[in-house]
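Results of the structural survey
Each chain is listed here by its residues.
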Amino acid sequence: MILHLKSSVSGLRASEIAAGLNAFSFKKDGNYVLITGASMKDVPAQYENEVSDSWAFDNDIQLASKKYQNEKRSVNIGDVTIGGNTKSTILIGGPCSVESEEQIRESAELIKGMGLTSLRGGCYKPRTSPYSFQGMGLDGLKLLAKMREEYGLSIVTEARDATHIDEIIEYSDVVQVGAKAMYDQGILRACAKSNRTILIKRGFGTTLKEFVQAAEFVLSGGNDQVVLCERGLRTFETSTRFTLDLCGVAWLQEHINLPIILDPSHAMGLAFGVTPLAKACTAMGIDGLLIETHPNPKVAKSDAAQQLDHAEFKAMLNEINPVAAAVGYKIV
Ligand code: PEP
Ligand code: MN
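What comes next is a walk through the structure. Predicted model, so just to flag it, every value in this text is computed and none were measured. (Residues numbered from 1 in each chain as written. Chains lettered and ligands numbered in written order. Predicted model: local features only at pLDDT ≥ 70, side-chain atom pairs only at ≥ 80, totals over all residues. Heavy atoms only, no water.)

Side note on the overall build of the protein
Of regular secondary structure, the protein possesses ten helices and 15 strands. By residue count, 55% of the 332 residues in the protein fall in the buried class. Averaging the positions of the 34 positive and the 39 negative side-chain charges in the protein gives two centres separated by 1 Å. (Helix = DSSP H or I, 4+ residues; strand = E, 2+ residues; numbered from the N terminus. Buried < 20%, exposed > 50% of the residue type's maximum accessible area, 1.4 Å probe, protein only. Lys, Arg positive; Asp, Glu negative; His and termini not counted. Charge placed at Lys NZ, Arg CZ, Asp CG, Glu CD.)

Listed below in structure tokens is the structure:
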């Protein structure tokens, strides 16, 4: 249940009520908001005079539910706002991993040169094998910060686990919580307390409800800058890396008030399929695309098969622009 307390309720009193209900509490537009388990269906009588509004839910999809807030939330990716009424589809591009200054600079030049604003690149890579390239760590984050400084781009980079979350929060504009990391409570709770935008990727065996509940961890801490990212599920099919769940996207668009970004690169796993999938995603009227591109994909240290080279990335933008326009959106 979500409770909005009256503006006359003091911070001290809000904390007392929160403790009594075992609720999360944060301040929104000057008033306190409390959230407690969905099992609670009625406002306890002793608090009735202090509550201005309340919402009861069937399950723990609460703050993210359109039943609580019907309008899509506005979220900032650097200086760009998505969601709300913007009808903007942000194209976030860059390599899977930051590999060297030369490589990330070429990537930053590509993004800047195309009039885009957001650069991605992982420094702590959640690899399936411990023997694969694990990322440049802090040195990579420093390179990303340098690119932000020199090219004015916002930085999207992923947290692998909670051990380095403070570093990621310090160096990023958008903290990407990866498909394997979205259950990590340490990451989610740190993200909830931060003022960064949090991009949560759906685990490849995660239900829509579990996916949204991960977002609730961040929202209930008072951070409303949350974006969901669909990046493909594991199915019986092995010809493609994963299966992009566009049905799930339609469900989220109907029920959930968070902006949605799609990642055709990880879903497909193969560069030839990324542009056609990106067109299909764009046609759904989405808030963003996350697409991997590398100056020379053949030598990429991670996800080599799926990364577009820079010419392919530019051609992809030309193909999705008219699709976005056809559904009343603009690629930014
Ligand atoms: C990535 O974006 O490079 C990545 C590792 O993604 P995911 O968590 O979706 O596998
Ligand atoms: Mn990748």
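Some thoughts on the coordination of the manganese ion (ligand 2)
Of the protein atoms, only Cys96 (SG), His266 (NE2), Glu292 (OE) and Asp303 (OD) coordinate the manganese ion (ligand 2), at distances of 2.1 to 2.4 Å. Of note, the donors binding the manganese ion (ligand 2) are all from one chain and are spaced C-x169-H-x25-E-x10-D. Taken together, the residues Cys96 in the loop between strand E7 (88-94) and helix H2 (101-113) and Asp303 in the loop between strand E14 (288-292) and helix H10 (310-326) connect sequence positions 207 residues apart. Here Cys96 and Asp303 have matching classes, each one buried. (Donors = N, O, S within 2.8 Å, 3.2 Å for Na, K, Ca; no water.)

Quick look at helix H1 (residues 11-21)
Among the residues of H1, those classed as buried are Ala14, Ile17, Ala18 and Leu21. Down the axis of H1, the sector holding all buried residues measures 100°, keeping them to one side. Facing away from the buried surface of H1 by more than 90 degrees, the exposed residues are Leu12, Ala19 and Gly20. Residues of H1 that are buried sit in contact with strand E1 (2-5), strand E2 (24-28) and strand E3 (31-35). Asn22 sits one or two positions beyond H1 and adopts a positive phi of about 55°. (Arc of directions from axis to C-beta. Contact = heavy atoms within 4.5 Å.)

Examining the site of ligand 1
The immediate surroundings of ligand 1 are formed by Cys96, Arg120, Lys125, Pro126, Glu158, Gln176, Gly178, Ala179, Lys201, Arg231, His266 and Glu292. A distance of 2.8 Å separates an oxygen atom of ligand 1 from a polar side-chain atom of Arg120. When ligand 1 sits alone it has 300 Å² of accessible area, and the protein chains cover 93% of it. Broken down by class, the residue content of the shell around ligand 1 amounts to three nonpolar, three polar and six charged. (Near = heavy atom within 4 Å. Polar contact = N/O pair within 3.5 Å; in protein donor to acceptor, adjacent residues only side chain to side chain. Areas by Shrake-Rupley, 256 points an atom, 1.4 Å probe, with all protein chains shown as cover. Nonpolar A, V, L, I, M, F, W, Y, C, P; charged D, E, K, R; others polar.)

Examining the layout of surface pockets
There is about 400 Å³ of room inside the largest pocket. What lines the largest pocket is a set of 20 residues, and nearest its centre among them are Pro126, Lys180, Arg231, Arg241 and His266. Among the residues making up the lining of the largest pocket, the classes are represented as five nonpolar, five polar and ten charged. Quantified by volume, the second largest pocket comes out at close to 230 Å³. Lining the second largest pocket, in full, are Asn22, Phe24, Ile35, Thr36, Gly37, Asp60, Gln62, Leu63, Gln213, Glu216, Phe217 and Ser220. Considering each element in turn, the lining of the second largest pocket owes the most residues, three residues, to helix H6 (residues 208-219). Among the residues making up the lining of the second largest pocket, the classes are represented as four nonpolar, six polar and two charged. Counting residues domain by domain, the lining of the second largest pocket receives three or more from each of domain 1 (2-55) and domain 2 (74-331). (1 Å grid on protein atoms, 1.4 Å probe; cavity = no way out; pocket = protein on both sides within 12 Å on 5 of 7 lines; lining within 4 Å. Points joined across faces, edges and corners; volume = space filled by probe spheres on them. Domains from an automatic or database assignment.)

Some points on the sheet that holds E1
With respect to topology, four strands assemble into an open sheet ordered E2-E3-E1-E4, the strand pairing being antiparallel. Unpaired on one side and paired on the other, E2 and strand E4 (51-55) mark the two borders of the sheet. On average, each strand axis in the sheet is inclined to that of its neighbour by 20°, with strand direction left out of account. Taken strand by strand, H1 contacts E1, E2 and E3, and its axis lies near 5° from that of E3. (Pairing = 2+ DSSP bridges. Axes fitted to C-alpha atoms, helices over the stretch in contact; angles between N-to-C directions.)

Here we look at the pattern of salt bridges
Working definition: two side chains of opposite charge can pair if their charged atoms are close together. One pass over the structure, following the stated rule, counts 15 salt bridges. In this structure, the salt-bridge partner of Glu16 is Arg13, at a minimum N-O distance of 2.9 Å. Placement of the pair is Glu16 and Arg13 together in helix H1, with a separation of three residues, close to one helical turn. Judged by its relative accessible area of 44%, Glu16 falls in the partly exposed class. (Salt bridge = Lys/Arg side-chain N within 4 Å of Asp/Glu carboxyl O.)

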